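# Working through the structure, step by step
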Amino acid sequence: MSTRAETKGVGAISSDGSLNMAHVQTSRKGFCSVRHGLALIVHLCNFSLNSQKMSLSIAMPAMVNSTAWPGPLNASTERPSANSQDGWNETLQQLKAVAPLYDWSPEIQGIILSSTNYGSFLAPIPTGYIAGLFGAKYLVGVSLLLSSISALFIPLAADAGVLSLIVLRIVQGIAQVMVLTSQYSIWVRWAPPLEKSQLINIASSGELMGAFITLLVGGFLCQTKGWPSIFYIFGGIGCACSLLWFPLAYDDPINHPFISTSEKEYIVCSLAQQDCSPGWSLPIKAMIKSLPLWGILVFYFTGFWTFNILMAYMPTYISSVLQANLRDSGILSALLLGVAFISTILSGLLADFLHSRNIFRLITIRKLSTAIGVLVSSVVLVSLYWVRSSISTSMGLLVLSSATTTFCQTGALINFLDIAPRYTSFLRGLSQVFGHLSGAISSTVAGFLISQDSEFGWRNVFLISVSINMSGLVFYLIFSQAKVQDWATEQTVTQL
């Protein structure tokens, strides 16, 4: 994975985070480098995490019995065809034969699906603080192993009762958020400014790939091997990934045993002007008064409101509203995640291209990416209710939404690395609190609305999501910045 990058000089980094490359000539092998290899390893960890998280979403329709199975939630008066009904009955008989079924109402299902968020908002801040001081190597490895072991015990917890399952999911959620929070401290020392977006997007796209694979094969596994198999398979994969993490991942390129001298020099020199040294003290008062930081935090809450609903309820929406069977529901949902995965990689490359060629300022890239991600998906969500009778039109709109929503990953969702690189892990943890708090509320609210009004439930869910999303976008566009804040500099911290 080493590269032959030759560093001939280092330019200065401007106040908005751009690297002046006028006198810098570098030759590097792009993806054939240790830093991109590390991004791939983090990608695999994120793949394992989200495959475990999404397993319950795709298994839920197979876990509930016919009395709790959600019926058609659209406004159409047409009944499912006889063949469609026979297919559902056949599917139900298959599920009864291979795995136990539970009498869980839509409200209970919503609570179980969102339970990973209930305790996870407690872990990000201390996790981010610790990762910033001591690194992410052992935090990521141990937390991934704990999440994977929890996945293996989900079938036993479900048999023990709803409360046992919720408690286990809370523990798993805490372990998962520890991985998702602490991993960002790696990029403070590994990601050159002009490759930051692509490296982070390669790593974070593992979450989408995990959901993609889970939805693609989850329905098949539930129907043929029984729903417990999905937890055993992805839990086992996670255990294997956690064992690979320890010998291959390092917090700093200086200590990596396989990196070439030229690549090491390139990374270190490109980050020479960036103050990323951690500190024990935090400028809490200055953070509270920082409007650019509040713009990011508010967007994390509003953006993850819709994201968590779609991730948790998309298989149910496709099966109940669009009238697809369990297996087709998983395949169609996987299609959306596959498109989002590709879009995530491309958007990261595009953002770095625009930044490196000085086509747009960094703040313009952040705002434009965020606006595209929110506006297009909002139009799609508003339209879904009125085109629900056509599965092809609905899926086309959802594909468009999936492709554009990922642009937020090169916008507001990584903006905290620009304004305070030395506090990256802590701010990531703080952002995760807002995101997971939003997820805990939104999934529960969605389950309540869907169960209370079968005709207009989904319409209300979508309209509320759009309203919240748009408010977060406006707030972010007004207050966001992409330059290092005064309170994040070493001189200011020393004075505080």
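Our structure is the block above this text.
All of these numbers come straight from a predicted model, not from anything done at the bench.

### A look at the nonpolar core
Membership of the largest hydrophobic core comes to 58 residues, with the highest contact counts inside it found for M63, W104, W227, Y313 and Y317. Two domains each donate at least three residues to this core, and these are domain 1 (34-66 + 99-271) and domain 2 (282-487). Among the nonpolar cores identified, the runner-up in size contains 53 residues, and I296, L297, I419 and A488 belong to it.

### Focus: the pattern of salt bridges
Per the stated rule, a full pass over the model turns up five salt bridges. Note that R366 and D418 form a salt bridge whose closest N and O atoms lie 2.7 Å from each other. On the criterion of sequence distance, the pair formed by R366 in helix α15 (residues 362-384) and D418 in helix α17 (residues 416-419) is long-range, its members being 52 residues apart. For the pair R366 and D418, one class covers both residues: buried. One network of salt bridges, with partners in common, ties together R35, E195 and E263.

### Things to note about the packing of aromatic side chains
Counted by the stated rule, this structure contains 17 aromatic pairs. Between the aromatic rings of Y317 and F462, the centroid separation amounts to 5.6 Å while the plane-to-plane angle is 70°, which identifies the pairing as edge-to-face. Taken as a pair, Y317 in helix α13 (residues 291-320) and F462 in helix α19 (residues 457-479) lie far apart in primary sequence, 145 residues in all. For the pair Y317 and F462, a shared accessibility class is recorded, and that class is buried. On the numbers, 6.4 Å between centres and 20° between planes, the contact of Y423 with W487 is stacked.

The rules behind each value
Along each chain, residues carry numbers from 1 onward, in the same order as the chain's sequence is written. Local features in a predicted model are, by the rule used here, given only for residues with pLDDT of at least 70; side-chain atom pairs are given and counted only at 80 or more, and totals for whole chains, interfaces and linings are based on all residues. Based on all heavy atoms of the structure, the side-chain values leave hydrogens and waters out of the count. Buried Ala, Val, Leu, Ile, Met, Phe, Trp, Tyr and Cys residues form a nonpolar core when they are joined through side-chain atoms within 4.5 Å. Each residue is placed in one exposure class: buried if its accessible area under a 1.4 Å probe, protein chains only, is under 20% of its type's maximum, exposed if it is over 50%, and partly exposed if it falls in between. Domain ranges listed in this record stem from an automatic or a database domain assignment. By definition here, a salt bridge exists when the distance from a side-chain nitrogen of Lys or Arg to a carboxyl oxygen of Asp or Glu is within 4 Å. Here a strand is any run of E in DSSP of at least two residues, a helix any run of H or I of at least four, and the numbering for each starts at the N terminus. The aromatic pairing rule takes the rings of Phe, Tyr and Trp, using the six-membered ring of Trp, and pairs them if the centres are within 6.5 Å, calling planes under 30 degrees apart stacked, those over 60 edge-to-face and the rest tilted.

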